[in-house]
Structure formats: C-alpha cells, structure tokens
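# Geometric and topological summary
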Amino acid sequence: MPWPFFAKFPDRNIKPTPVKATTPSVPPAPKPIVLPTPKPVVVQAPPPLVIPPLVTVVSDPHNIQLSAHFSYLELVTTEHREYIEINANDGMKYIENMRRLCNEVLEPIIALLGEEPRISSCFRSPALNTVIGGSKTSQHMEAGAADQLFKMPLKTAFNKIMASKIPYSQLIYEFGRWIHIGIIDKKMHPGKVGQNLVASMVNGKAVYSLVTKAI
Ligand SMILES: [Zn+2]
C-alpha cells in the first residue's frame, strides 16, 4: 500500500472554501398590468316615449267628450227615444263631423252668445230621418248639423250668429222654435255655404226663404 495511503483523504486542516453567499435573487417586479382603456359604451338613448292621445272609453259610445261643452250622447239623443240606441251606434261613423260641429260652430256660439244652446237634434240615422220626414240631403244624417234651443230670444241668437264670423253651411231660423246650423262640407254639400234662411209653415208646408239681413 503506497504511503501515505490516506493522502487522498481530505486534510482535516484544510478549511473548506466558504461558499460565497449569493444575494438572494429578488424576483423582478412584475410589470404593471396595463389594462386597455375600455371603449366608452355608447348607450343608445331610448326612443322618446310616445304618449297616445287621450282615449275615451269607446266601449261606451255615450261617454265620449267631443269638446268642452258637448258629449257624443248629447249629439245622438233624440226625443224619439226608440231611436237613441240605433243613433248611438250609427253615429260613430260620423264622429269627426260631430267634432267639427262642436269645435268650429257650437263652441264659438257659446263664446259669442254667452249661453250654451241645448241641442234638440244633431245626428239622425237614416231610419230616424225617414220617420220624422227629414230632407234626404239633410246634414243631420252625417251629424253635420244641429238644431239649437236658447233661453235668449231666438231672433237675437239668429241675428248675432249671422253677423259673426262663425263658418257655417246653413243657418236656419226654423218656425220660431229652434235654430239649425251646419258645418261647411264642400264635398258633400257644395251649394251650402253661408246661407241664411227662415223656415215657416205655409198651408201646412215648410217654406224656406233666404234672408240677407237681421230678422
Ligand atoms: Zn236641423
């Protein structure tokens, strides 16, 4: 065995090379997360709220208010009570004429005279018109005319309406009992514009005379 056989053993006096302490590695700071700028969300404006026009109760045709002072019921009522229901049903076809009659003629008459007329007859269904012997071309059958009763002297009301600017087809002083007035309807009644008439009974027949000045 060669000497020193233990030479290959490490010398106990040899100090082990100190292990160089390494700086503990610091993990790199994480890159800040850059969030993409969010695209502005475009919220579409909701469509404007469309409020439907005031709907009156159509299930009850009697309930419709046509203007400040007049209702559908007032314009389809007749003293011939058995015809009220048929009038109320048939009259719906002519409700636009009723609105015109109320707003263009009857309301201005209230403003003019300071008195609300009572409507004795406006719409007449064909059946009612036949029964009472109305004219076949009567505007009443299209709800385009009204017969009005006043508390004031009838001639005063007639003369004031005639002198006003209220547009009408015919203004008729009828038998000293009521005043008939109709809306202008150039399509259905082209010949009736601004006519003033006085109706009287002559030998049992109604006679209509044109008037051009106060009666
Ligand atoms: Zn009439």
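Further up the page is the structure itself.
The following paragraphs examine the structure supplied in this document. (Residues numbered from 1 in each chain as written. Predicted model: local features only at pLDDT ≥ 70, side-chain atom pairs only at ≥ 80, totals over all residues.)

Tallying secondary structure elements over the protein chain gives five helices and six strands in all. The secondary structure elements of the protein chain, listed N-terminal to C-terminal, are α-α-α-β-α-β-α-β-β-β-β. A burial count over the protein chain gives 25% of its 215 residues as buried. Sequence-distant contacts, at least 24 apart, represent 59% of the contacts inside the protein chain between residues at least 6 apart. (Helix = DSSP H or I, 4+ residues; strand = E, 2+ residues; numbered from the N terminus. Buried ≥ 20, exposed ≤ 12 C-beta atoms within 10 Å, placed from the backbone. Contact = placed C-beta atoms within 7 Å.)

What follows concerns the packing of helix α3 (residues 95–113) against helix α5 (residues 154–163). Relative orientation and spacing of two packed helices are given, respectively, by the angle between their axes and the distance between those axes. Contact pair α3 / α5: the axes reach a minimum separation of 11 Å and the direction vectors enclose 110 degrees. In this view, α3 runs roughly perpendicular relative to α5, as classed from their interaxial angle. Note on packing geometry: the crossing formed by α3 with α5 is right-handed. Each of I109, L112 and L113 in α3 lies in contact with α5, whose residues at this interface are A157, K160 and I161. (Axes fitted to C-alpha atoms, helices over the stretch in contact; angles between N-to-C directions. Parallel < 35°, antiparallel > 145°, perpendicular 65-115°, else oblique. Left-handed = near helix turned anticlockwise from the far one by under 90°.)

What follows deals with α5. All buried positions along α5 are accounted for by A157, F158 and I161. End-on view of α5: buried residues confined to an arc of 100 degrees, all on one side of the axis. More than 90 degrees from the buried face of α5, the exposed residues found are T156 and A163. Packed against the buried residues of α5 are α3, β3 (170–174) and β4 (178–182). (Arc of directions from axis to C-beta.)

This part covers the nonpolar core. L75, M98, L101, C122, I179 and I181 are the most contacted members of the largest nonpolar core, which totals 30 residues. For this core, the secondary-structure elements that each account for two or more residues are α1 (72–76), α3, β2 (145–149), α5, β3 and β4. The element contributing the most residues to this core is α3, with six residues. Setting aside chain neighbours within four positions, we find I179 in contact with Q148, L154, A157, F158, L171, I172 and Y173. (Core = buried A, V, L, I, M, F, W, Y, C linked by C-beta atoms within 7 Å.)

On to the pairing of β2. Examined bridge by bridge, strand β1 (residues 118–121) and β2 share three bridges and lie antiparallel to one another. Counted as the bridge partner of I119 is Q148 from β2. In the sheet, β2 pairs with β4 via four bridges, with the strands oriented antiparallel. Its bridge partner being in β4, D147 is matched across the sheet by H180. (Pairing = 2+ DSSP bridges.)

Our focus in this paragraph is the pairing of β4. Here is the key point about a regular strand: its side chains alternate between the two faces of the sheet. Counted residue by residue, β4 has five buried out of five residues, so it is predominantly covered. A two-sided burial pattern is seen for β4, the buried positions comprising W178, H180 and G182 on one face and I179 and I181 on the other. Between the antiparallel neighbours β3 and β4 lie three residues, among them F175 with a positive phi of about 55 degrees.

Strand order in the open sheet formed by six strands is β1-β2-β4-β3-β5-β6, and the pairing between neighbours is mixed. Lying at the two open borders of the sheet, with one neighbouring strand each, are β1 and β6 (205–210). Taking each pair of neighbouring strands and ignoring which way they run, the sheet shows an average axis angle of 30 degrees. Bridge count between strand β5 (residues 195–202) and β6: six bridges; the pairing is antiparallel. Within β6, the residue paired with S200 across the bridge is V207. Strands in contact with α5 are β3, β4 and β5; relative to β3, the strand with the most contacts, it is inclined by about 165 degrees.

Looking at the element boundaries, R118 is found in strand β1. The exposure class of R118 is exposed, given the 12 C-beta atoms found within 10 Å. Taking C-alpha positions, R118 is 9.8 Å from F70, a pair spaced 48 residues apart along the chain. When residues no more than four places from it in sequence are discounted, the contact partners of R118 are Q148 and L149.

Right, let's talk about the environment of I215 for a bit. Its location among the elements puts I215 in the segment after β6. Residue class for I215 comes out exposed when judged on the 12 C-beta atoms lying within 10 Å of it. Along the chain, I215 and M162 lie 53 residues apart, while their C-alpha atoms are 10.0 Å from each other. In this structure I215 touches K155, F158, N159, Y173 and V198, once residues within four positions along its chain are discounted.

Interpretation in functional terms is not warranted from these geometric data alone.
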